[in-house]
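# Examining the three-dimensional arrangement
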Amino acid sequence: WAGLKPNVTRTFLVNAAELGTYDEAKSRLVPYLGEGLFSHVGASGIAGFTSACVSTPADVVKTRLMNSAGGDRVYTGMLQAGSRILMDEGPAALYKGFLPICIRKLVWCAAFFVSYEQIRDQYKKTTL
């Protein structure tokens, strides 16, 4: 259960960043690109990047806590682990693995939000 709290925290951060950022980015892109694929893909990319920026530190802390479970307890909790990583290794340590996480989030957000928009548009057409 060592990674439960950090995993819940990470999930909250990912969902808040993706959903909020996608809606805001889409509302700002639509006046320039129109309602359609380009604005959806653009907003998805912004949401994916933001999500990666917000969630990577939580991923690092979660991984460190899970790796230290069962043996010598290096960390006592999320906040202590995060502050210790920051103090001992510097801010860049909280972003280890950022590039693969970012690529994964960009692909996921594009697939999810573009599909969501297409399904929503089809649903609106059939219910009207």
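Everything below is about the structure printed above this text.
Now for a look at the structure at hand. (Residues numbered from 1 in each chain as written. Predicted model: local features only at pLDDT ≥ 70, side-chain atom pairs only at ≥ 80, totals over all residues. Heavy atoms only, no water.)

Right, let's get into the pattern of salt bridges. Taken as a whole and assessed by the stated rule, the structure comprises nine salt bridges. Residues Asp 59 and Arg 10 are paired through a salt bridge, measuring 2.5 Å at the closest nitrogen-oxygen approach. Residue Asp 59 is found in helix α2 (residues 37-68), and its partner Arg 10 is found in helix α1 (residues 4-33); the two are separated by 49 residues along the sequence. This pair shows no difference in class: Asp 59 is buried, exactly as Arg 10 is. Across the pair Glu 89 and Arg 64 runs a salt bridge, and its minimum N-O distance is 2.8 Å. Pair noted here: Glu 89 is in helix α3 (residues 78-89) and Arg 64 is in helix α2, with a separation of 25 residues, a long-range link. (Salt bridge = Lys/Arg side-chain N within 4 Å of Asp/Glu carboxyl O. Helix = DSSP H or I, 4+ residues; strand = E, 2+ residues; numbered from the N terminus. Buried < 20%, exposed > 50% of the residue type's maximum accessible area, 1.4 Å probe, protein only.)

We now examine the packing of α1 against α2. Taken N-terminus to C-terminus, the directions of α1 and α2 make an angle of 160 degrees; their axes are 7 Å apart at the nearest point. Our classification of the angle between α1 and α2 gives roughly antiparallel. As α1 runs across α2, the sense of the crossing is right-handed. (Axes fitted to C-alpha atoms, helices over the stretch in contact; angles between N-to-C directions. Parallel < 35°, antiparallel > 145°, perpendicular 65-115°, else oblique. Left-handed = near helix turned anticlockwise from the far one by under 90°.)

This next bit is on the packing of aromatic side chains. To describe a pair of aromatic rings, one takes the distance between the centres and the angle between the planes. Summed over all chains, the structure comprises six aromatic pairs. Measuring from centroid to centroid gives 5.3 Å for Trp 108 and Phe 112, while their planes differ by 25 degrees, and the two rings are stacked. Here Phe 112 and Trp 108 lie together in helix α4 (residues 98-127), a separation of four residues that amounts to about one turn. Relative accessible area serves as the criterion here: at 43%, Trp 108 is assigned to the partly exposed category. Phe 112 sits in the partly exposed class, given a relative accessible area of 35%. With 6.5 Å between their ring centres and 10 degrees between their planes, Phe 112 and Tyr 116 make a pair best called stacked. Taken as a pair, Phe 112 and Tyr 116 lie in helix α4 at a separation of four residues, close to a single helical turn. Tyr 116 gets classed as partly exposed once you look at its relative accessible area, which sits at 39%. Through pairs of rings, three or more aromatic residues link up here, namely Tyr 22, Trp 108, Phe 112, Phe 113 and Tyr 116. (Phe/Tyr/Trp six-rings, centres within 6.5 Å; stacked < 30°, edge-to-face > 60°.)

A separate point is α2. Over its 32 residues, α2 runs 44 Å from end to end, which matches the ideal 46 Å to within 8%, given 1.5 Å per residue. At Ser 55, α2 shows its strongest bend, of approximately 40 degrees, with the proline Pro 57 following within four residues. In the segment just after α2, Gly 70 is the residue with positive phi, at about 90 degrees. (Expected span 1.5 Å × (residues − 1). Bend = angle between axes of the 7 residues up to and from the residue.)

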